[in-house]
Structures are given as structure tokens and as C-alpha cells.
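Secondary and tertiary structure notes
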There are 2 protein chains.
Amino acid sequence: MKTLRILAIDDHEMTMLGYKFILENIEFEGYDIIVDTANTYEAGKKLIEDSVNSFKYDILLLDVQLFAPNENQPHSGEDLGILARKLVPQSKIAFMSSFSDNFRINSILKSVDPDGYLVKTDIDPKTLEDAVKTIVLNPPYYSSKALTAIRKKMANDIELDEKDKQILYHLSMGTKNKDLEKHIRLSPSSIENRKRHLKSLFGTENENDMALIIAAKNRGFI
Amino acid sequence: MKTLRILAIDDHEMTMLGYKFILENIEFEGYDIIVDTANTYEAGKKLIEDSVNSFKYDILLLDVQLFAPNENQPHSGEDLGILARKLVPQSKIAFMSSFSDNFRINSILKSVDPDGYLVKTDIDPKTLEDAVKTIVLNPPYYSSKALTAIRKKMANDIELDEKDKQILYHLSMGTKNKDLEKHIRLSPSSIENRKRHLKSLFGTENENDMALIIAAKNRGFI
DNA sequence: GGAAACCCCCAGAATTTTTAAGGATTTTCT
DNA sequence: AGAAAATCCTTAAAAATTCTGGGGGTTTCC
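What comes next concerns the included structure.

For the rest of this paragraph, the subject is the overall build of chain A. When helices and strands are tallied, chain A shows 10 helices and 8 strands. Seen through its principal axes, chain A has C-alpha atoms that stretch 65 × 35 × 30 Å. The burial tally for chain A puts 45% of its 222 residues in the buried class. Long-range pairs, those at least 24 residues apart, make up 65% of the contacts in chain A between residues at least 6 apart in sequence. Working note: accessible area of chain A is about 11,100 Å², and carbon and sulfur atoms make up 51% of it. In chain A, 30 side chains carry a positive charge and 34 a negative one; their mean positions are 5 Å apart.

Below, the structure written as C-alpha cells:
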């Protein structure tokens, strides 16, 4: 009987216990599943670092948003994922996220290229079991809402460069027009040019920025 | 008992009978599944056109390569998909393909944005059942090998414009360097510039075109 | 050996992007 | 309501990028 080691990191302790219970009771031919847990960024980081010189985890299950203890700065699970890819490239990485935010999904798929991505409202015992088996045997596993976001992205023929993406992102965060230049290395008039260009790409000519953001959201860019 | 109508179009008659048998025996709560079949492009097209004014199919299951009778020109299922999207937008569309060719998958995901994509070697009775249920209830469904191609694409941060893609595509098809200019509206020296640029993007500087193609394939572009 | 194909580099031309400046319109705030 | 601020649009010159044609070197294949 081989052992399948899973490390789950989520700052809600009770939900994590739920995962642990479900995961450890999965029937998986030839495998005995053991779940370690951590509920802070720091604790998780430590366990991953420790694993480098001992038993590697087969799967790291990372919550996208994590709070450090006694802080109100959220650490992103994304950072932890990037770190883990370097330290323990053998371990498969899967993310769990509360929101099916296109921008976040796209970003994580690029930066970490995880073996799984689960939107939390998609998770139930059955999908969790499917996910674990798929991630081990035949990755990747993307849950239904994640797939919807991925589909939007793949169906798009609009190509945006980094600056365009930054403009869209900051606009969507409510950044005022005149403050954009502080975030993006371009002159105000260039930003306007690009905004106009973006509006024509998304078919929202002569409409305001809100229309642009909505169109970009629908197409999966934000 | 509602009826779920599926139209399967594949030029190999026997495999299609296999699909029909499996599909019509699926247990799907509240649905009675009926499968129509066609084994040529023309026959399929006709059935789709006829369906406009009668019962719409719930799912169109299209083989990517189709041969017309008495011709040796293959018609692409992609064309049929594009047509069907216009004529019967209510019908869900799923593709079946023999090869898990990244270029083809990317192209179809853009042009048709199908509700399902199945690589044939991934298909067995269970996945076919999963696929149908997912496509009806909660699309999209992508089979394992399709997901692998999609994953490669999503994980990439290299952005190529149309001309770059054309160059890669034609190179991968074995087009000779000096014939590239016949396919791509660029001067020979521009093509060289772009090829050099591509090689640096893919980290194959000072290597030959083969190395470039292999790198591009691995990253999911071709 | 010789022709054809491939690969590399250069410099001017052509194109696209950026920038600054000026003005019109709308929004916000008092 | 009126002033100030922010947004939106246009234009024209500067800057950056891309395209192109040419020269020349190396490899490949008759």
C-alpha cells in the first residue's frame, strides 16, 4: 500500500478539517491517503520547506487567499505556489479559490501552471475525489467554473499586450483615469490612445470606461 | 420523459454505430436519448439545415475530418461547426478529433467555441457519458488530452501575432524557407527577422528551424 | 564544382506608437 | 449656480519599431 501525501493550506480551519475528512476517506486503488494541514501562510511555507529534505507531498492544495496570523495583509497562495514549484517540483499543485475571478485564474495559470484549479462553490465530495485522482493520474483537473473562465479566454481572438492588460486591470479596480499614469509607464495621452483602441477592439466605441470594463469582463480578460 | 436529440457526424460508419449504441443506452435522469447519424459532410450539413425548421438537436457531435463521398478533398468539421453555430445557435456543439494537435484545437476553440472537445483516444463509454451530461448540464467538457493542450496554451506568456503564427504553422508543415513568402505577405528579409525573433522567444537562438518548431510544439502553439 | 537554399547583418524607408499641447464637454464639489 | 477638476477628442511632431532590399558567408544537394 503506497501512501499519498496531501498538504492542504487554508486559513479557515473548519473547512480544512472537512477537506481532511473527505480526502482521507477516498477509496483510491493502491493508495492510502494522508492529509497534513496548515492554516496560515507561514505554517504552510514551513511545511513545504521541511518537505524538501524528507517526504515530498504528492499534492499541495492551496487556498488562493491566506491571512497571516495577527496581520491583516493577505498573503496570496499564488506566491506559495510559485515558491513550491521551485522547491519541490515533484509535488503537484492545485489551487482552491472562493471566486471564479477570470483575472486571477489567468494569472495563476500562467505563473504557477497548477495541476488543478478548483473554484470552491464547485467542490463537493465527489468532485474532490475526481480532482485528486485526476491530478495524480492524468492532470490537469479544472473545476466547472474554472473551465468556464478558461473557455472564455481560449475563445478570444483579441490579443492584448501587457500595457493593455494593466490598463484594463487598474480601470476595473476603480483607479481614476488621471491616476493611471502612476501605475503604468506611459504618458497620459498614450493611455488615452490605448483606451480608445481597446474600446474599438471590444466594440464599445464612444462609450465610457464602465462599458469597456464590462465588455472585457465578459470576454474573460478581467 | 423528455427527448435528448444527438446528431453524430463521422465518416467511419462503424465507429459511429458504436457511438450510437453507447449514447442511446446512457441512463440520464429524465431524458430519452436518440441519436441520428450522418457519415458525410453533405449529409450532415443537410440534416443540420433541416433541423432549423423542425426539432433542433440538443448536441451536434462532429468529427473534425470528414470526407465527402467520391472526393478526396477532406471537408473540415470545423466548417460544419461554424455553419451550425449560425443556423442553430441553440444546439450544443462538440468535436471529436483523432489527433490532439494543438494548432487545430486552438483554432477550433476560437472559431467555433464548442461546448465540448474530445480527443478520440480519450473516448470510452464512461467519458462519453460524462461528456454528454456535462455538455447538457454544465458545459464545456474537454477530454484529458484536449485539456493538456489547453493547459499548455494558458500557461504561456509568449504572445504571437497572426504573422508569427503563420510562419510557425507553415514551417511546421514543411514549407521551404524560400516558399514562405508565397504564403505570408511579408518580404523574405522580414520573415527572417521574425524567425530570428521567434527563436529568441522560444530560447532556440542560433539553432535551426527544426529546433524552433519543436519548441513551439512543446509550448502548444502548433 | 556549382547552384540553390539557408543564415546573418546592415541601413534607409515605411509604419506604428508615444508624446505634448490645445480645446470641448462632462462631472464634481462647494 | 458657478468654479474647478476630470474626461474625452484631435492634431502634429518625435520616437520607436518593423519592413525591406542588398551584400556576403556557410551549408546542402545535384
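So, next bit.
All names here are of chain B. One open sheet accounts for 6 strands, arranged E2-E1-E3-E6-E7-E8; its pairing is parallel. The sheet is open, and its two borders are formed by strand E2 (31-38) and strand E8 (141-142), each paired with just one other strand. Across 4 bridges, strand E6 (residues 92-97) lies against strand E7 (residues 116-119) in parallel orientation. The residue of E7 that forms the bridge with alanine 94 is glycine 116.

In the vicinity of DNA strand C, 14 residues are found, and the nearest of them are Ser187(A), Ser190(A), Asn177(B), Lys178(B) and Glu192(B). Sugar and phosphate atoms constitute 58% of the interface atoms of DNA strand C, taking the interface as everything within 4 Å of the protein. In the environment of DNA strand C, a phosphate oxygen lies 2.8 Å from a nitrogen or oxygen atom belonging to the side chain of Arg194(A). Within the side chain of Asn206(B), an N or O atom sits 3.5 Å from a phosphate oxygen of DNA strand C. Listing elements by their share of the surface near DNA strand C, those giving two or more residues are helix H9 (188-201) of chain A together with helix H9 (188-201) of chain B. When residues of the surface near DNA strand C are assigned to their parent elements, the largest contribution, 4 residues, is made by H9(A). Looking at the surface near DNA strand C residue by residue, the class counts come to 1 nonpolar, 6 polar and 7 charged.

All names here are of chain A. The residue serine 91 is located in the loop between helix H3 (77-87) and strand E6 (92-97) in this model. Looking at serine 91, the relative accessible area reads 1%, which means it is buried. Only 2.6 Å separates the side chain of serine 91 from the backbone oxygen of tyrosine 57, close enough to count as a polar contact. When neighbours within four sequence positions are excluded, serine 91 is seen to be in contact with Lys56, Tyr57, Asp58, Leu60 and Arg85.

Before going further, it helps to spend a moment on the pattern of salt bridges. Inspection of the entire model under this criterion finds 34 salt bridges over all chains. The partner of Arg151(A) in a salt bridge is Asp115(B), and the shortest N-O contact between them spans 3.1 Å. Taken together, the residues Arg151(A) in helix H6 (residues 144-154) and Asp115(B) in the loop between helix H4 (102-111) and E7 connect one chain to another. With relative accessibility at 14%, the residue Arg151(A) sits in the buried group.

Before going further, it helps to examine the interface of chain A and chain B. When the parts come together, some accessible area is lost, and that loss is often what is quoted as the size of the interface. At the junction of the two partners, chain A supplies 26 residues and chain B supplies 26 residues. The contact between chain A and chain B buries some 2,000 Å² in all, and 50% of this surface belongs to carbon and sulfur atoms. Looking at the side of chain A facing chain B, the largest losses of area belong to Arg151(A), Met154(A) and Glu159(A), adding up to 35% of the total buried there. The tally of links from chain A across to chain B stands at 6 salt bridges. With its nearest N and O atoms 3.1 Å apart, the salt bridge here joins Glu159(B) to Lys165(A).

Think of it as a corkscrew move, a rotation about one axis and a shift along it, taking one chain copy to the other. In the superposition of chain A on chain B (RMSD 0.2 Å, axial shift 0.0 Å), the rotation amounts to 180°. Both copies are brought into coincidence by an operation consistent with a two-fold rotation axis. A shared binding surface is used by both copies, with 100% of the interface residues of chain A retained as interface residues in chain B.

On to the pairing of E2(B). Residues and elements named next belong to chain B. Pairing geometry for strand E1 (residues 2-9) and E2, over 8 bridges, is parallel. Directly across from leucine 4, in E2, lies its bridge partner isoleucine 33. Taken together, E1, helix H1 (residues 13-24) and E2 form a β-α-β motif whose crossover is right-handed.

To continue, consider empty space enclosed by the protein. Residues and elements named next belong to chain B. As enumerated under the stated definition, the model contains 1 cavity of 30 Å³ or more in all. Estimates place the volume of the largest cavity at around 30 Å³. Along its surface, the largest cavity is lined by Phe103, Leu160, Lys165, Leu168, Tyr169, Phe221 and Ile222. With 3 residues, helix H7 (residues 162-172) is the largest single contributor of residues to the lining of the largest cavity.

Next up on the list: the packing of aromatic side chains. Residues and elements named next belong to chain A. If you walk through the whole model with that rule in mind, you get 8 aromatic pairs over all chains. With centroids separated by 5.6 Å and ring planes inclined at 80°, the aromatic side chains of phenylalanine 202 and phenylalanine 221 adopt a geometry described as edge-to-face. Note that phenylalanine 202 is positioned in the loop between H9 and helix H10 (209-218) and phenylalanine 221 in the segment after H10, a separation of 19 residues in sequence. Over the ring of phenylalanine 55 we find arginine 5, and its NZ or CZ is 4.2 Å from the ring centre.

Membership of the largest hydrophobic core comes to 54 residues, with the highest contact counts inside it found for Leu60(A), Tyr117(A), Leu60(B) and Tyr117(B). If we skip the residues at most four places from it in the chain, Tyr117(B) touches Val64(B), Phe95(B), Ser97(B), Arg104(B), Ile105(B), Ile108(B), Tyr141(B), Tyr142(B), Ser143(B) and Ala146(B).

As a further point, take the sheet that holds strand E7 (residues 116-119) of chain A. Residue and element names in this part refer to chain A. Spatially, E2-E1-E3-E6-E7-E8 is the arrangement adopted by the 6 strands of the open sheet, whose pairing is parallel. The sheet is open, and its two borders are formed by strand E2 (31-38) and strand E8 (141-142), each paired with just one other strand. Relative to E8, E7 runs parallel, the two sharing 2 bridges. Its bridge partner being in E8, glycine 116 is matched across the sheet by tyrosine 141. Sheet strands in contact with H3 are strand E1 (2-9), strand E3 (59-63) and E6, and its direction is about 180° off that of E6.

What counts and what doesn't
Residues numbered from 1 in each chain as written. Chains lettered and ligands numbered in written order. Predicted model: local features only at pLDDT ≥ 70, side-chain atom pairs only at ≥ 80, totals over all residues. Heavy atoms only, no water. Helix = DSSP H or I, 4+ residues; strand = E, 2+ residues; numbered from the N terminus. Buried < 20%, exposed > 50% of the residue type's maximum accessible area, 1.4 Å probe, protein only. Contact = heavy atoms within 4.5 Å. Areas by Shrake-Rupley, 256 points an atom, 1.4 Å probe, with all protein chains shown as cover. Lys, Arg positive; Asp, Glu negative; His and termini not counted. Charge placed at Lys NZ, Arg CZ, Asp CG, Glu CD. Pairing = 2+ DSSP bridges. Near = heavy atom within 4 Å. Polar contact = N/O pair within 3.5 Å; in protein donor to acceptor, adjacent residues only side chain to side chain. Nonpolar A, V, L, I, M, F, W, Y, C, P; charged D, E, K, R; others polar. Salt bridge = Lys/Arg side-chain N within 4 Å of Asp/Glu carboxyl O. Buried area = accessible area lost by both parts, 1.4 Å probe. Least-squares fit on C-alpha atoms with pLDDT ≥ 70 in both. Right-handed = clockwise from strand over helix to strand, strands pointing away. 1 Å grid on protein atoms, 1.4 Å probe; cavity = no way out; pocket = protein on both sides within 12 Å on 5 of 7 lines; lining within 4 Å. Points joined across faces, edges and corners; volume = space filled by probe spheres on them. Phe/Tyr/Trp six-rings, centres within 6.5 Å; stacked < 30°, edge-to-face > 60°. Lys NZ or Arg CZ within 6 Å of the ring centre and 35° of its normal. Core = buried A, V, L, I, M, F, W, Y, C linked by side-chain atoms within 4.5 Å. Axes fitted to C-alpha atoms, helices over the stretch in contact; angles between N-to-C directions.

Fair warning: the whole summary comes from geometry, so function is off the table for now.
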